[in-house]
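Per-entry structural report
Read off the chains here:
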Amino acid sequence: METLKTYRKTWAEVDLGAIAYNFKQIKKKVGPQVKILAAVKANAYGHGLVAVSRHLEKSEIDFLGTSSVDEAVNLRKAGIKCPILNLSNLLIDEIEPIIKLKIIPVIAEIKIARALNKKACAYRKEIPIHVKIDTGMGRIGVWHREAGTFIKNLKSLSNLIIEGIYTHFPSAEEDRDFTFEQIKRFNLVVEEVKSFGIWPKYLHTANSAALIVHKEAHFNLVRPGLALYGVYPNSKFQAKLNLKPALSLKTRIAYIKRVSRGRSISYARTFFIKRASRIATLPIGYADGYSHLLSNKSKVLIRGKFYPVVGTVCMDQTMVDIGLKDNIKVGDEVILIGSQKGRTIKVEELARICHTIPYQVLCWISSRVPRVYKVIV
Ligand SMILES: *Cc1c(COP(=O)(O)O)cnc(C)c1O
């Protein structure tokens, strides 16, 4: 295990072996003909952009997907060589760096395509591009009815190679009918594009949910994010693909004291002691990404047993009721996300308590939480 020099008693443990395992499971699911792009945007969903990407590169990932040029630049600076698709609309001032660092841009505007082509000609380079089509997501992308003509116009730009065309699903984990409608719309665009003599190397549509439940969405490249990190977009999908959660959020008890009946705990006095007990203070709070929404609702694991969070979660501290009897000491390891002695607290469960999505829970984990990497082989 690689340890970081830190005095903080709160850390996120990332099991790179689990990510490689999930990658293999996804690979098995989609088959050898289908390539895989790992979504590593947003600091690899909180798991650490460079460490995760390096490990995936070693595991022979086909593409990495970022959401900003800065993320892609950080990967190149870290020595990552694998193809990077930057999944946001290319902007004028980004043309220079994406050419220099071989970052594949997304194109959804003719003006920017022309500007890119001009620079590509000046550098005497051929630039692969992926064209984004909107089949119902409503954000970046050419509306599917206009996409054929749009792509036909791109053909005249001498130094751009239409390497991919793709679309994105807003509701693949829930809405079967709409997802099928989107696949239909996408296929119509593909047919039209082929009738113009354009044969993009990659066609891609599937996020984690779609790759798990819609085989028709695989085409020849899939783009998992959440599933790679071992988290399910819908808990009903657990039987369809075996995944291992990669991230654990841990801390160590900072303080323990006895409290008598009637006292209140934490800000806003939302919790009152009903019978004498001990309260452990944990050095983790919402500034670390342990949401205030978990106040009085979540639980933690200490020595393999669940204990409730009591009172409101503070910026830097959280209190749990550990009772009077159990042998618990300052410095004991506490699991806020993860497993201990066969018991587990899942990202999905915290998301449910907060009435949010698991993605949010992972992205909440802030930069002041050191990431510690371990690889179980
Ligand atoms: C984030 C993202 C993905 C990955 O989505 P998951 O639901 O995490 O699998 C795929 N495609 C695009 C365009 C994305 O932005």
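Here is what the cut-offs are and how they apply
Residues numbered from 1 in each chain as written. Predicted model: local features only at pLDDT ≥ 70, side-chain atom pairs only at ≥ 80, totals over all residues. Heavy atoms only, no water. Pairing = 2+ DSSP bridges. Helix = DSSP H or I, 4+ residues; strand = E, 2+ residues; numbered from the N terminus. Domains from an automatic or database assignment. Contact = heavy atoms within 4.5 Å. Buried area = accessible area lost by both parts, 1.4 Å probe. Salt bridge = Lys/Arg side-chain N within 4 Å of Asp/Glu carboxyl O. Polar contact = N/O pair within 3.5 Å; in protein donor to acceptor, adjacent residues only side chain to side chain. Nonpolar A, V, L, I, M, F, W, Y, C, P; charged D, E, K, R; others polar.

As paired strands, strand S16 (residues 299–302) and strand S17 (residues 305–308) are joined by four bridges and run antiparallel to one another. Paired with Leu301 across the two strands is Phe306, which belongs to S17. As consecutive antiparallel partners, S16 and S17 are separated by two residues, and within that stretch Arg303 has a phi angle of approximately 50 degrees, a positive value.

So, on to the domain arrangement of the protein chain. According to the domain assignment, the protein chain consists of domain 1 (33–229) and domain 2 (247–374). Each of domain 1 and domain 2 has a C-alpha centre, and these two points are 39 Å apart. Contact with domain 1, which involves eight residues of that partner, is made by seven residues of domain 2. If you sort the residues of domain 1 by the area they bury against domain 2, Tyr45, His47 and Leu226 come out on top, with a joint share of 58%. Remark: the boundary between domain 1 and domain 2 carries zero salt bridges. Applying the counting criterion to the domain 1 and domain 2 interface returns two residue pairs in polar contact (both at pLDDT 80 or more). With three residues, the top contributor of residues to the side of domain 1 that touches domain 2 is helix H2 (residues 41–45). Looking at side-chain class alone, the side of domain 1 that touches domain 2 contains four nonpolar, four polar and no charged residues.

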